[in-house]
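# Fold and contact review
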Amino acid sequence: MRPKHDLHELIRSMSMSEKRHFRILASRHIVGEKNNYMHLFDAMAGQENYNEEAIKKEFAGTNFIRHLPSEKNYLYQLLLESLNAYHREKTFLSQHTSFIASIELLFQRGLYAQCRTLIYRAKKEAYSLEKFSILLIILRWEILLHIKDEDDKNLNRAIGEELRILEVMRIQTTLMQIAFNIQIAIDKGNTGKTFIREAEADLRKNLPAHSQITSFWTKYYFHSGIGLLSSLKKEQSKRIESFMAVKNIMDDAPQFIRDLPGIYHTNMNNIVNVFFLLGKFSEAEKIIQQQKQFLSQNRIRNLSLSRIVFVNTAESELFFFYKTNRIREGMNHARRTETEIRKLDLHFSPLLYDLFFMLAVIDFCGRNFKSCGKWLNKILNMEREIHLRKELSINTRLLYLLLLFETHDILFDARLRSAKRYLQQERQFSTHMKILEVIRLLSEGSISKKRRALLRKYVAEIRTETKTAQHEALNKQFDFASWIDEKIKVAVWE
C-alpha cells in the first residue's frame, strides 16, 4: 500500500452517508485517547490533495502521531470494516449468502413450506442477474425438498434445470476463453490471417442457437470477440456493430447495467472512439450524452466510477470540439472541466492525463498558450509517479515543442534536443520521429524548394502512418500533420 496516498484516496472516495455510518460506528467502539482516529479521519477528509506534513503539524505533540504509519493502517482497516458493514445488504453476493444460510436453517428445522418460499424468491433474483453459481446451490436445496417429498416429477424437472444451467455455464466459459485468448494474441502480436479465421470460426461454432442455453455473458463474450477480430481486420463498421450489440443487450436488461456499470461505460467509450474514427461526430455526441447520464438514470452510486465517467466524457467532449473546429466552445468547456478536476487527486488514474493532454490541445488551438503549457507540464511532472502511455508522453513533448515554436521561446532548441534523445530510446515510434524532424526543419527559417518537397513527403507519410495507428489503438490524437501543413503554407521560401 502506498503509505502517503491510499488512506486518503479511500476516505475521499466515500459518500456522505458512508462517512456518517463510519462516524456512528466509530463512536460506539472508540473511546478516550483513541478518538484521535476520528480527528485524523476528519483532517484527511478535508484535504483535496494529501499533505502529510500538514497532518504532522496539526497533530504535533500527540502520542499517536509518533506512530503515524501504524495508526494510518489501523484507521484504514476500520474504514474497510465500516464500508463492508454499510454495504452488506446492498450487494448481490451478501444478500444471497444470507438467503442460502436461511434456506439451510429452515430446512434443518423442518420448516419446509417457508424453505420452499425462500428458495422461490432466491431463484427469481438469481435468474434476473444470471448468477448461475448461486443458482446451483439453491437448486440443490430444492432437489432435497423434492427428494423428501418423493416428488419424482419435480425432482426430474429440477435436475434437468441444473443440467441446463451447467450447459449454459460451459458455453459462456468457452466463449470467455476464446475472447480472452484473442485479446492475449493481440497483446503478443500473434494475429495472422489463419488465427483470425480460426478464432472467428470458434466463436460462431460455440454460439448456441437455442435461446434456453443463451445467456447475457454468452452474447457478451461472443460480440466482444467479434469486435476484437474486426479491429484486427480493420473493419470498423463491424466493430461498431459489435459494441452496439453489447449496448443493446444491456439496454434491454437494465439490471445488468446496475450490476455491471463499469462494463457498460467502457463499452460506450469504445463506441464513441470508433464513431470518432469514422468521422461520425453527431453519433459520437449522442453516446457521450448517454454516458454522462446513465449513472443517475439507473440510480447508481459509485464515486470512483462517476469520476472515471467524468474524465472519459470530458476528454471526449473536448476532442469533439477540436475535431469539429468549435474551439471557442471547447475552451469554455475546458474552463468548466478545470473546476471539476480540482476535486480529483492527481494520482487518481492515468486516464486523467489523457484529459490533461486534450485540455492542452484545446488551449493550443485557441492560442491560450499559458494554459496549454500548464497542462503539458502537469503531465511531464508526473511521469515518474504515474504509469502513462508511452505515446502520451511522446505526444506531450511534441506538442510542447509546437508551443515553444509558436511563442518563439528561447528554450525551443534545448527542448528539441531533449525530445530527440527521448525518442531515440523509443525506436518503435518512427512516425513521431518524423514529426520531430519536420518541426526541426520548420524551425530553421526559410525553406528551399528541395526542402519543401521533403516536408510534403514527410507529411504524407505521417498522415498514412497516423491513420493506421488510430485504427488499431483508437487513442485521441492531435493532428500534427495539419499543423505542419499550415506552417508550410505560411513559410518563407528561398
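Parameters at a glance
- Residues numbered from 1 in each chain as written.
- Predicted model: local features only at pLDDT ≥ 70, side-chain atom pairs only at ≥ 80, totals over all residues.
- Heavy atoms only, no water.
- Helix = DSSP H or I, 4+ residues; strand = E, 2+ residues; numbered from the N terminus.
- Buried < 20%, exposed > 50% of the residue type's maximum accessible area, 1.4 Å probe, protein only.
- Polar contact = N/O pair within 3.5 Å; in protein donor to acceptor, adjacent residues only side chain to side chain.
- pLDDT = per-residue confidence, 0-100.
- Axes fitted to C-alpha atoms, helices over the stretch in contact; angles between N-to-C directions.
- Parallel < 35°, antiparallel > 145°, perpendicular 65-115°, else oblique.
- Left-handed = near helix turned anticlockwise from the far one by under 90°.
- Contact = heavy atoms within 4.5 Å.
- Nonpolar A, V, L, I, M, F, W, Y, C, P; charged D, E, K, R; others polar.
- 1 Å grid on protein atoms, 1.4 Å probe; cavity = no way out; pocket = protein on both sides within 12 Å on 5 of 7 lines; lining within 4 Å.
- Points joined across faces, edges and corners; volume = space filled by probe spheres on them.
- Patch = residues over 30% accessible without salt bridge, like charges linked within 9 Å, V, L, I, M, F, W, Y side chains within 5 Å.
- Areas by Shrake-Rupley, 256 points an atom, 1.4 Å probe, with all protein chains shown as cover.
- Salt bridge = Lys/Arg side-chain N within 4 Å of Asp/Glu carboxyl O.
- Phe/Tyr/Trp six-rings, centres within 6.5 Å; stacked < 30°, edge-to-face > 60°.

A few words on the side chain of Q477. Relative to the assigned elements, Q477 resides in the loop between α23 (449-473) and α24 (480-490). A relative accessible area of 9% places Q477 in the buried class. In terms of polar contacts, Q477 uses its side chain to reach the side chain of N395, at 2.9 Å.

This brings us to the confidence of the model for the protein chain. In the predicted model, the protein chain carries a mean pLDDT of 87, and 93% of its residues have values of at least 70. The spread of mean pLDDT over the elements of the protein chain runs between α23, the lowest at 76, and helix α18 (residues 351-365), the highest at 96.

Before going further, it helps to examine the packing of α18 against helix α19 (residues 369-381). Packing of α18 against α19 leaves a shortest axis separation of 8 Å and a crossing angle of 160 degrees. With respect to α19, the element α18 is oriented roughly antiparallel. Judged by the sense of rotation from one axis to the other, the crossing of α18 with α19 is left-handed. Here α18 contributes Y353, F356, F357, L359, A360, D363 and F364 to the contact with α19, which in turn contributes F369, S371, C372, W375, L376, K378 and I379. Among the residues forming the contact of α18 with α19, the class breakdown is 11 nonpolar, one polar and two charged.

Direction vectors running N to C along helix α21 (residues 412-424) and helix α22 (residues 430-443) enclose 160 degrees, while the axes themselves pass 10 Å from each other. In terms of orientation, α21 lies roughly antiparallel with respect to α22. For the pair α21 and α22, the crossing hand works out as left-handed. Listed contacts from α22 to F412, L416, A419, K420, L423 and Q424 of α21 are H432, M433, L436, I439, R440 and S443.

Turning to empty space enclosed by the protein, a few remarks are in order. Taken as a whole, this structure holds one cavity of 30 Å³ or more when the rule is applied. Put simply, the largest cavity is a space of about 40 Å³. Residue lining of the largest cavity: E315, D354, F357, R389, L392, N395 and K476, and that is the complete set. Classifying every residue of the lining of the largest cavity by side-chain character gives two nonpolar, one polar and four charged.

With that settled, consider a nonpolar patch on the surface. The grouping of I159, L163 and L166 at the surface amounts to a nonpolar patch, some 260 Å² of accessible area in total. Within the secondary structure layout, L163 lies in helix α9 (residues 152-188). On the accessibility criterion, L163 (54% relative accessible area) is exposed.

So, on to the packing of aromatic side chains. With the rule as written, the count across this model stands at 23 aromatic pairs. Centroid distance Y322 to F478: 5.9 Å. Interplanar angle 20 degrees. Geometry classified as stacked. Remark: F478 occurs in the loop between α23 and α24 and Y322 occurs in helix α16 (residues 303-323); sequence separation between them is 156 residues. For the pair Y322 and F478, one class covers both residues: buried. Judged by centre distance (5.0 Å) and plane angle (75 degrees), the ring pair of Y353 and F356 falls under edge-to-face. Note that Y353 and F356 are positioned in helix α18 at a spacing of three residues, about one turn of the helix.

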